[in-house]
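Coordinates in review
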Amino acid sequence: MSEDENMAGGWYEATRVATPERPRLNFDLDVDVCVIGGGLAGLTVAREVARRGWSVAVLEAHRLAHAASGRNTGFVLPGFAEHTENMVERIGLDHTKELWALSEQGVDYVRRAIADTAMPGVDPVAGWLHVSKTDNDRAIAAEVERLRWIGANVEAWSAEHVREVLPNERYFGALHFPGALHIHPLNYALGLAADAEKSGARIFEDTRATAIDPAGVRKRIDTPNGRVRAPHVVLACNVQLGDLMPRLGATLLPITTYVLVTESIPNLTEIVRFRGAVSDTNRADNHYRIVGGADSGGERLQWSGRMRAWQADPRWLGRGLIADIKRNVPALGDVKIAHL
């Protein structure tokens, strides 16, 4: 493998668990539920539907978790992008509490699914630290109070506490969410697929849904080589909706974040002593965590940032991501990119 191929292939692909290739759909099929999209959302739906005794087929245009589901930072967090006070203002306190509880249940679902099925290669690690680059302990304390008010499990960390585990003089206080975790998202998706199949789900890869006829009790979903008929259709395509439902697809804005994984860093855990997930508040944020171990050639730093509303060649952004690492964790010295 060339250096460019290795960098572009990604850390998750390099460390994915062995999994069978699923067949293309090349016949007509009748099921209770047809799920279009084999990412985290679609595979979760398929797993839950199949466990309840319904027949389900999953149609994935590429390989499972091909897009964002298998290429994200692996952070599993409660909450929402919107600020707490804005949510309360818009929808009221009771609904905000309900939504927060749902987000916590989502985190618990991931944790339980990993444990109940003994998913290989997912490697969950607890904790998320949301760091401030502004010296304002009062603001941190106020945010903790607001979050606890709606039911969050969160605590305030002082600047001294943060700098004990993250050697960065630009960091001050932080919100610590002990119930959050980080995982290998591709292996988690593959674990969901395997468990769904144990309950009878049928999963087809390299099978693009080309059209949906919603008329009648049993909807018809066309693919290049076969058709699925089902009374229920679940669209789990994310921004890949494309031509399937153009009016809905036109409402979605693709947001891309770029992620690198370094070569092994021998003294990494002596410098970065927090093993959970870390986010800082530098505009669109940097997100990072320690990945790897003795069985994968040593511990490495996974680092993301440089968010864009368009897709660019990651190689254009690698230098910027390395600069972010050097600025935030200068004690690491020169680090090399293994995957990008």
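So, here's what we can say about the structure. (Residues numbered from 1 in each chain as written. Predicted model: local features only at pLDDT ≥ 70, side-chain atom pairs only at ≥ 80, totals over all residues. Heavy atoms only, no water.)

A closer look at the pairing of strand β15 (residues 287-293)
For the record, the criterion: For each residue, the accessible area found with a 1.4 Å probe, counting protein chains only, is set against the maximum for its type, and the residue is called buried under 20%, exposed over 50%, and partly exposed in between. Runs of E in the DSSP output that reach at least two residues are strands. Runs of H or I that reach at least four are helices, and both are numbered from the N terminus. Strand pairing is assigned whenever DSSP detects at least two bridges linking the two strands.
Among the seven residues of β15, six are classified as buried, and the element is accordingly described as predominantly covered. Taken together, the two bridges between strand β14 (residues 277-279) and β15 define a ladder with antiparallel strand orientation. Bridging across to β15, Val278 finds its partner in Tyr288. Sheet topology note: the β15/strand β16 (residues 298-308) ladder contains seven bridges and is antiparallel. Bridge assignment links Arg289 to a residue of β16, and that residue is Gln302.

Re the pairing of strand β3 (residues 56-59)
The following threshold applies: Consider the strands pointing away from the viewer: the crossover is right-handed when the path from the first strand over the helix to the second runs clockwise.
Burial of β3 is two-sided: the residues Val56 and Val58 facing one way and the residues Ala57 and Leu59 facing the other way are all buried. Both strand β2 (residues 33-36) and β3 contribute to a ladder of four bridges, which runs parallel. In the strand pairing of β3, Val33 is matched with Val56. A crossover connection joins β2 to the parallel β3 through helix α3 (residues 40-51); in handedness this β-α-β unit is right-handed. As judged from the three bridges shared by β3 and strand β8 (residues 202-204), these two strands associate in the parallel manner. Directly across from Leu59, in β8, lies its bridge partner Phe204.

What about the pattern of salt bridges?
Formally: A carboxyl oxygen of Asp or Glu within 4 Å of a side-chain nitrogen of Lys or Arg is what we treat as a salt bridge.
Going through the model one piece at a time under the given rule, you end up with 19 salt bridges. Close ionic contact of Arg47 with Asp195 constitutes a salt bridge, the shortest N to O distance being 2.7 Å. Here Asp195 lies in helix α8 (residues 185-198) and Arg47 lies in helix α3, a separation of 148 residues in the sequence. What you see here is one network of salt bridges that share partners, running through Arg47, Glu48, Arg51, Arg52 and Asp195.

Some remarks on the sheet that holds strand β10 (residues 219-222)
Across the sheet, which stays open at both edges, the four strands sit in the order β1-β11-β10-β9 with mixed pairing between neighbours. Sheet topology places β1 (29-30) and β9 (211-213) at the edges, where each strand pairs with a single neighbour. For β9 and β10, the ladder comprises three bridges, and the chain directions are antiparallel. Bridge pairing in β10 places Ile212 opposite Ile221.

Section: the layout of surface pockets
Threshold: Grid spacing is 1 Å over the protein atoms alone, the probe is 1.4 Å, and a cavity is where that probe fits but cannot get out, while a pocket is an open set with protein on both sides within 12 Å along at least five of seven lines and lining residues have an atom within 4 Å of a point. Grid points are joined across faces, edges and corners, and a volume is the space filled by probe spheres set on the points. Residues are sorted three ways: Asp, Glu, Lys and Arg are charged, Ala, Val, Leu, Ile, Met, Phe, Trp, Tyr, Cys and Pro are nonpolar, and all the rest, Gly among them, are polar.
Approximately 1,400 Å³ is the volume attributed to the second largest pocket. If you tally residues by element for the lining of the second largest pocket, the top one is helix α5 (residues 93-117), at six residues. Of the residues in the lining of the second largest pocket, the class split is 26 nonpolar, 16 polar and five charged.

Everything listed here is a matter of coordinates, which is why it stays silent on function.
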